[in-house]
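# Notes for the structure review
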Amino acid sequence: FVATLTTEPPNPHVNTFTGKLTLPPVESDGPSFDIPLGADNILLRGAVLRNTEWAIGLACFTGTDTKLVQNSFETPSKFSQLDILMNY
């Protein structure tokens, strides 16, 4: 295998993240390397990384699984009760 990312299930909490990145062994009989990942190791959609010479990126949640989409909600209707009754 090349590498494996193991994470918590998608959730709407933007300040928490738990996971690990498992890298393959350097030698054929050597051990694999587990790198723990936390909230400091994740960039949310729309974040900008500055003053950094290089970075390695990996998409872990996409589409409706992103933390920002799960944290969003439908805007409430601005119809009054009378409008709702008249349009019924």
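Residues numbered from 1 in each chain as written. Predicted model: local features only at pLDDT ≥ 70, side-chain atom pairs only at ≥ 80, totals over all residues. Heavy atoms only, no water.

### Observations concerning the overall build of the protein chain
Along its length, the protein chain carries two helices and three strands. The linear arrangement of helices and strands in the protein chain, starting from the amino end, is β-β-β-α-α. Rg of the C-alpha trace for the protein chain: 21 Å, well past the compact-globule value of 12 Å for 88 residues, more than 25% over. The principal-axis extent of the C-alpha atoms belonging to the protein chain is close to 75 × 30 × 20 Å. The buried share of the protein chain, taken over its 88 residues, is 10%. For the protein chain, restricting intrachain contacts to residue pairs at least 6 apart in sequence, the fraction spanning at least 24 positions comes to 32%. Side chains of the protein chain give 5 positive and 9 negative charges; the mean places of these two sets differ by 11 Å. (Helix = DSSP H or I, 4+ residues; strand = E, 2+ residues; numbered from the N terminus. Rg over C-alpha atoms; globule rule 2.2 N^0.38 Å. Buried < 20%, exposed > 50% of the residue type's maximum accessible area, 1.4 Å probe, protein only. Contact = heavy atoms within 4.5 Å. Lys, Arg positive; Asp, Glu negative; His and termini not counted. Charge placed at Lys NZ, Arg CZ, Asp CG, Glu CD.)

### A word on the pattern of salt bridges
Following the criterion strictly, the structure yields one salt bridge and no others. When the shortest N-O distance is used, the salt bridge between Lys20 and Asp34 registers 3.9 Å. With a gap of 14 residues between them, Lys20 in strand 2 (residues 19-23) and Asp34 in strand 3 (residues 33-37) connect regions that are remote in the sequence. Owing to a relative accessible area of 35%, Lys20 belongs among the partly exposed residues under this scheme. Judged by relative accessible area, Asp34 falls into the partly exposed class, the value being 45%. (Salt bridge = Lys/Arg side-chain N within 4 Å of Asp/Glu carboxyl O.)

### Quick notes on the environment of Asp65
One can find Asp65 in the loop between strand 3 and helix 1 (67-71). Here Asp65 falls in the partly exposed class, since its relative accessible area comes to 35%. Considering only alpha carbons, one finds Asp65 and Pro12, 53 residues apart in sequence, at a separation of 8.8 Å. Ignoring any residue separated from it by four or fewer positions in sequence, one finds Asp65 in contact with Pro10 and Gln70.

### Notes on a nonpolar patch on the surface
Together, Leu82, Leu85 and Met86 make up a nonpolar patch on the protein surface, roughly 370 Å² of accessible area in all. Along the chain, Leu82 turns up in helix 2 (residues 81-86). (Patch = residues over 30% accessible without salt bridge, like charges linked within 9 Å, V, L, I, M, F, W, Y side chains within 5 Å. Areas by Shrake-Rupley, 256 points an atom, 1.4 Å probe, with all protein chains shown as cover.)

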